[in-house]
Amino acid sequence: PIKSLCVRPTGGGKTLLFTTTAAALKGITLCILPLLSLGADQVKKLIDTTQQSAKFITGFHLDELPLSQHENLINLLKSYDTRNRTVILFCSPQSLLRINSPVLPYLLSDLAPLSMIVMDEIHLACHFGKSFRKEFSALKSALFQKIDESIPLLFLTATCTNRIKSSFESLMGVEITSVHWPSSLDM
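Each value, and the rule that gives it
- Per chain, residue numbering runs from 1 following the sequence as it is written.
- Local features in a predicted model are, by the rule used here, given only for residues with pLDDT of at least 70; side-chain atom pairs are given and counted only at 80 or more, and totals for whole chains, interfaces and linings are based on all residues.
- Computation of side-chain values: all heavy atoms of the structure, hydrogens and water removed.
- Salt bridges are defined by distance alone: a side-chain nitrogen of Lys or Arg within 4 Å of a carboxyl oxygen of Asp or Glu.
- Relative accessibility thresholds used throughout: buried, under 20% of the residue-type maximum; exposed, over 50%; partly exposed, between the two (1.4 Å probe, protein chains only).
- Only runs of H or I of at least four residues qualify as helices and only runs of E of at least two qualify as strands under DSSP, and these elements are numbered from the N terminus.
- What makes two strands pair is DSSP finding at least two bridges between them.
- Computed over the protein atoms alone on a 1 Å grid, cavities are sets of points where a 1.4 Å probe fits but cannot get out and pockets are open sets with protein on both sides within 12 Å along at least five of seven lines; a residue lines them when it has an atom within 4 Å of a point.
- Grid points are joined across faces, edges and corners, and a volume is the space filled by probe spheres set on the points.
- Each residue is assigned to one of three groups, with Ala, Val, Leu, Ile, Met, Phe, Trp, Tyr, Cys and Pro labelled nonpolar, Asp, Glu, Lys and Arg labelled charged, and all others, Gly among them, labelled polar.
- Side-chain atoms within 4.5 Å link the members of a nonpolar core, which is a set of buried Ala, Val, Leu, Ile, Met, Phe, Trp, Tyr and Cys residues.
- What makes two residues a contact is simply this: any of their non-hydrogen atoms within 4.5 Å.
- Pairing of aromatic side chains here covers Phe, Tyr and the six-membered ring of Trp, requires ring centres within 6.5 Å, and sorts the geometry by plane angle: under 30 degrees stacked, over 60 edge-to-face, intermediate tilted.
- All axes are obtained by fitting lines to C-alpha atoms, using only the stretch in contact for helices, and the reported angles, taken between N-to-C directions, cover 0 to 180 degrees.

Trainee: Honestly, the pattern of salt bridges in this entry has me stumped. Any pointers?
Mentor: Opposite charge on two side chains permits them to pair, given that their charged atoms come into close proximity. Throughout the structure, instances matching the rule amount to three salt bridges. The residue Asp-81 makes a salt bridge to Arg-83 at a minimum N-O spacing of 3.0 Å. A relative accessible area of 32% means that Asp-81 is categorised as partly exposed. Assessed through its relative accessible area of 68%, Arg-83 is described here as exposed.

Quick look at the structure:
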């Protein structure tokens, strides 16, 4: 299974990397973002840059949908021909783990064409995951220990050291199998 870490500075192409990969894989890419404003910005950029190909790539921001609309989102996702369409579902850890939301159970089911999981700004999970935002550490048991091993995982950050990498692996219960641009890590 692919579990990659990409360390690049802000403006260094991390978003391009995961959106291009998502477009090639088709299906649903789950993109976990710790900052709500970052998620809203990513969805806006995706929609603005893909208007011509709106039939083929779509983005949603789970944090912007009230809980009452989550079932409608799942029904919409089920209606798509994901063999020819890419859906990027942006969310914060807290919206993904929201009590009574059917989204995570759907994504973990055999019904969902989940093709990749991306987590951006992983250094924030390490900094805030053990105290400020308990949802970060809850991702381990709620998501990463339940997903199919064949689903690629891509972790992104502009700020990383070996200590951050190790802390993140422990917090999420994953072992990163490849690191891209490792010269930015403290070796």
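Trainee: Where do I start with the pairing of strand β6 (residues 153–157) in this structure?
Mentor: Where a strand is regular, its side chains alternate between the two sheet faces. Extensive coverage of β6 is indicated by the burial of five of its five residues. Here β6 shows two buried faces, one formed by Leu-153, Phe-155 and Thr-157 and the other by Leu-154 and Leu-156. Where strand β1 (residues 3–7) meets β6, five bridges bridge the pair, whose relative direction is parallel. Within β6, the residue paired with Leu-5 across the bridge is Phe-155. Pairing analysis gives three bridges linking strand β5 (residues 114–119) to β6, with the strands arranged parallel. In the strand pairing of β6, Val-118 is matched with Leu-154.

Trainee: Explanation requested: the layout of surface pockets in the structure shown.
Mentor: A water-sized probe rolled over the atoms picks out the places where empty space is left. In this model, the second largest pocket occupies a volume close to 170 Å³. Forming the walls of the second largest pocket are Leu-107, Leu-108, Ser-109, Asp-110, Ala-112, Leu-114, Lys-146, Ile-147, Asp-148, Ser-150 and Ile-151. When grouped by side-chain class, the residues that make up the lining of the second largest pocket number six nonpolar, two polar and three charged.

Trainee: Just to check I follow, could you spell out the nonpolar core for this structure?
Mentor: The tendency in soluble globular proteins is for nonpolar side chains to be buried as a group. Counting residues in hydrophobic clusters, the biggest one holds 42 residues, and the most contacted among them are Met-119 and Phe-144. The dominant element in this core, judged by the number of residues it contributes, is helix α7 (residues 134–144), at five residues. Excluding anything up to four places from it in sequence, Phe-144 contacts Ile-117, Met-119, Leu-139, Leu-153, Phe-155, Met-172 and Val-174. Cys-31, Ile-57, Ile-88 and Val-118 belong to the second largest nonpolar core, which has 12 residues in total.

Trainee: Explain the packing of aromatic side chains here, please?
Mentor: The geometry of two aromatic rings is summed up by the distance between their centres and the angle between their planes. Taken as a whole and assessed by the stated rule, the structure comprises three aromatic pairs. Ring centres 6.3 Å apart and planes at 70° place the aromatic pair Phe-18 and Phe-90 in the edge-to-face group. Within this pair, whereas Phe-18 is found in helix α1 (residues 14–25), its partner Phe-90 is found in strand β4 (residues 86–91), the two being separated by 72 residues in sequence. Comparing Phe-18 with Phe-90 shows no difference in burial state: the two are buried. Each ring, one from Phe-155 and one from Phe-168, has its centre 4.8 Å from the other, and the planes form 70°; the classification is edge-to-face. Of this pair, Phe-155 sits in strand β6 while Phe-168 sits in helix α8 (residues 162–172), placing them 13 residues apart in sequence. Ring-pair connections join several aromatic residues into one group, and the members of that group are Phe-144, Phe-155 and Phe-168.

Trainee: What is the right way to read the side chain of Thr-157 from this model?
Mentor: If you trace the backbone, Thr-157 turns up in strand β6. When neighbours within four sequence positions are excluded, Thr-157 is seen to be in contact with Leu-5, Cys-6, Val-7, Arg-8, Lys-14, Asp-120, Glu-121, Ile-122 and His-123.

Trainee: In this structure, what is going on with the sheet that holds β6? I would like to understand it.
Mentor: Backbone-to-backbone hydrogen bonds pair the strands of a sheet. The strands run either parallel or antiparallel. Taken in spatial order, the seven strands make up an open sheet running β3-β4-β2-β5-β6-β1-β7, and their pairing is parallel. The sheet terminates laterally at β3 (57–61) and β7 (178–180), the two strands that pair on one side only. For this sheet, the mean angle separating the axes of adjacent strands, direction not counted, is 20°. Note: β3 against β4, five bridges, orientation parallel. Bridge assignment links His-61 to a residue of β4, and that residue is Phe-90. Relative to the sheet, α7 contacts β2 (27–32), β5 and β6, its axis offset from that of β5 by approximately 165°.

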